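# Results of the structural survey
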Amino acid sequence: MLFVLMISARSQQPPPMNPNVKVVELRQAGFLNKRTNFEAQILIDSVILYHEGAYMFCDSAYLFEQTNTFEAFSNVRMEQGDTIFVYGDYLHYDGNTRLARLRNNIRMEDKQVTLFTDSLNYDRMANLGYYFDGGMLVDEKNELTSFWGQYDPVSKDALFSDSVKLINKDYTIYSDTLKYNTETKIADILGPSTIVSDSGFINTSHGWYNTETDEARLLDRSEIYSNDSTKVLIGDTVFYNRTSGLGEAFGNMHLEDFKRKAILRGNYGTYNEKTEYGMATDSAYAIDYSQSDSLFLHGDTLKMITDSIYKDIKAYYNVRFYREDMQGICDSMNYVQKDSILYLIGNPVIWNKSNQILGNRIDIYMNDSTVDKAHVRDYALAIQDRQTAGQYNQISGRDLKAFFEKEELRYVLVEGNAESLYYLVEEDSARNIIGLNKTESAYLSMDFSNDELQKLKLWSATKAVTTPLNQLKADEAKLKGFMWLDYLRPLHKMDIFRRNERRGPDSEVVTPRRFSRDSAVE
């Protein structure tokens, strides 16, 4: 009798308006009833409906033949082949548009993922399920929640918006808009997002994150912070691996250590958060602002190495630096914060006010925020510009130590083969030049005040001669190796990007040997 009723019910259904639309079929029901003045057939007990490859099960249903729709109640289940299974308490299905509206306790499953929500629309024509009142998608790797979301069982793409949260056992992603593929496990970041883990956190608005390999490509000036928020890596594009801790930045790279007060910048750079090693190149420069007078440093390649307390900054080739109280150039340089020393190697030159010092190697010792001492090793030549054309005070020797106080040169000690050329000035108000004094000795020392010589001391086998200006020959006014390189001097903090190209006779550098990168680390 039930079988007859079912056949009769199907035979009475009018043909659909669109010949391409198929009628919803009743395949099974324990009881069928038709009320007077009620358009729907009432189906009760183990109801099964079928439409274009999908079976729908429920405890009871209203089947509206005229509109080719039905409502299903209690223990609702949809099955589409052996891939899609949807469960819920209520279903409204439209056979014309193939749109299923499920409500309350919804669970949508395929072989890889489960979607939980209380309001789900499943568009079978587009093969797309979406919720709009909060939902959660879960696979073997991640749990994603949001206010609005959709899932495509064919492409395996899930799109989430509004209060998105992706929870992984190792990190959590908070986002405004996120796309996630349940097959590749890649999350495409499409809006402002924060990724939080034990290793730190990331602020980004565009890019992708592979939740299986922990690899990421982050765009639009993304920021990667250390777990204690004391370091940040920023770049136009950043490739980052959370497992290895390595970040690679392309375009306007910015690495900053807030604790040690140092910045490393360049158009390309890398940083390893596990080893705390940073490198920058292509218009690279570093800023050390740990002292009141910041140090601006440029080199073709810069490296920054930090430990729990201190940092080292290494610069290689075409090195230039600027501080208010001192400027300098060299081939390679190493700044060791622990010892507060700048090591300059390879044709180094430093300037302080009207003074220039060059040699084979220069070590600059810092004291708090000021320069305390410069030690020139192996060969040294110090020159002071008297601000009168062609007149320079000069000192040379094997080893030179220059001591500074309040940003000014105060004392110079030369040890070994000491020579000096110094313009003697009358002590009266006229300040007329007496002549050029030349000395030779094993050792010499000079005391200065306000950039003027106050005391000269020579000892052990000394020679001294003073030549009046009108008797002075041109070649007697300069010591051997004289070079006035003021045209190379960095004039301000952004003048560190010029090349250290010497002109004419100055191109014959003080030392002919080439310094390797390793030689800067001493």
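Residues numbered from 1 in each chain as written. Predicted model: local features only at pLDDT ≥ 70, side-chain atom pairs only at ≥ 80, totals over all residues. Heavy atoms only, no water.

Bringing the overall build of the protein chain into the picture now. Looking only at helices and strands, the protein chain features one helix and 38 strands. Against the compact-globule benchmark of 24 Å for 522 residues, the protein chain has a radius of gyration of 40 Å, which places it well outside the compact range. With the C-alpha coordinates of the protein chain rotated into their principal frame, the extents come out at 135 × 40 × 40 Å. A burial count over the protein chain gives 51% of its 522 residues as buried. Put simply, of all contacts in the protein chain between residues at least 6 apart along the chain, 40% involve residues at least 24 apart. Both charge centroids of the protein chain, one from 59 positive and one from 76 negative side chains, sit 4 Å from each other. (Helix = DSSP H or I, 4+ residues; strand = E, 2+ residues; numbered from the N terminus. Rg over C-alpha atoms; globule rule 2.2 N^0.38 Å. Buried < 20%, exposed > 50% of the residue type's maximum accessible area, 1.4 Å probe, protein only. Contact = heavy atoms within 4.5 Å. Lys, Arg positive; Asp, Glu negative; His and termini not counted. Charge placed at Lys NZ, Arg CZ, Asp CG, Glu CD.)

What follows is about the pattern of salt bridges. If you walk through the whole model with that rule in mind, you get 27 salt bridges. With a shortest N-O distance of 3.0 Å, Glu140 and Lys185 are connected by a salt bridge. Separated by 45 residues along the polypeptide, Glu140 in the loop between strand E10 (135-138) and strand E11 (143-146) and Lys185 in the loop between strand E14 (171-181) and strand E15 (186-189) bring together distant segments of the chain. On the basis of relative accessibility, which here comes to 3%, the residue Lys185 falls in the buried class. (Salt bridge = Lys/Arg side-chain N within 4 Å of Asp/Glu carboxyl O.)

Looking now at the packing of aromatic side chains. How two aromatic rings sit relative to each other is given by the distance of their centres and the angle of their planes. Overall, the coordinates contain 15 aromatic pairs when judged by the stated rule. Note on Tyr392 and Trp484: the rings are 5.2 Å apart at their centroids and 45 degrees apart in plane angle, and the pair reads as tilted. You can see Tyr392 sitting in strand E33 (residues 392-397) and its partner Trp484 sitting in the segment after strand E38 (463-467), a full 92 residues away along the chain. By relative accessible area, Tyr392 is classed as buried at 15%. Stacked on the ring of Tyr50, the Lys or Arg Arg27 has its end atom at 4.3 Å from the ring centre. For the cation-ring pair, Arg107 lies above Tyr87, with the distance from its terminal atom to the ring centre recorded as 4.1 Å. (Phe/Tyr/Trp six-rings, centres within 6.5 Å; stacked < 30°, edge-to-face > 60°. Lys NZ or Arg CZ within 6 Å of the ring centre and 35° of its normal.)

Moving on: the nonpolar core. Formed by 96 residues in total, the largest nonpolar core has its most connected members in Leu49, Leu91, Leu102, Met333 and Ile364. Not counting residues within four places of it along the chain, the set of residues in contact with Leu49 comprises Val24, Glu25, Leu26, Arg27, Leu43, Ala54, Tyr55, Met56, Ala61, Leu63 and Phe70. Residues Trp351, Ile383, Tyr392 and Tyr423 belong to the second largest nonpolar core, which totals 17 residues. (Core = buried A, V, L, I, M, F, W, Y, C linked by side-chain atoms within 4.5 Å.)

In this section: the environment of Ile84. In this structure, Ile84 sits in strand E6 (residues 84-94). Among the residues examined, Ile84 registers a relative accessible area of 3% and is labelled buried. In this structure the C-alpha to C-alpha distance between Ile84 and Gln454, which are 370 residues apart in sequence, comes to 94 Å. The contact partners of Ile84, leaving out residues within four places of it in the chain, are Met78, Glu79, Met108, Glu109, Asp110, Tyr122 and Pro153.

Turning to the pairing of strand E9 (residues 128-131), a few remarks are in order. The pairing of strand E8 (residues 114-123) with E9 spans four bridges and is antiparallel. Looking at E9, one finds that Tyr122 is bridged to Gly129. Count of turn residues in the E8/E9 antiparallel hairpin: four residues, of which Asn127 carries a positive phi of about 55 degrees. (Pairing = 2+ DSSP bridges.)

Mean pLDDT over the protein chain works out to 89, with 93% of the residues at or above the 70 mark. Predicted confidence is poor over residues 510-522, with pLDDT under 50, and the contacts of this stretch with residues over four places away or in other chains come to 35 contacts. (pLDDT = per-residue confidence, 0-100.)

Right, let's get into the environment of Arg499. Here Arg499 is to be found in the segment after E38. Exposure remark for Arg499: the relative accessible area of 45% places this residue in the partly exposed category. Put simply, Arg499 and Val425 are 74 residues apart on the chain and 38 Å apart in space, counted from C-alpha to C-alpha. Excluding residues that lie within four positions of it along the chain, Arg499 makes contacts with Asp300, Asn318, Arg320 and Leu488. Looking at Arg499, its side chain comes within polar contact range of the side chain of Asp300, at 3.1 Å. (Polar contact = N/O pair within 3.5 Å; in protein donor to acceptor, adjacent residues only side chain to side chain.)

This part is about the environment of Trp484. Among the residues examined, Trp484 registers a relative accessible area of 17% and is labelled buried. Each C-alpha atom of the pair Trp484 and Gln384 lies 9.3 Å from the other, and the pair is 100 residues apart in sequence. Excluding residues within four positions of it along the chain, Trp484 makes contact with Ser354, Gln356, Ile383, Asp385, Tyr392 and Asp506.

For Ser74, which is not glycine, the phi dihedral falls at a positive 65 degrees. Residue classification places Ser74 among the partly exposed positions, given a relative accessible area of 33%. Its identity as a non-glycine residue notwithstanding, Arg221 has a phi of 60 degrees, on the positive side. Tracing the backbone through its elements, the reader meets Arg221 in strand E19 (residues 215-226). Given the relative accessible area of 33%, Arg221 is considered partly exposed.

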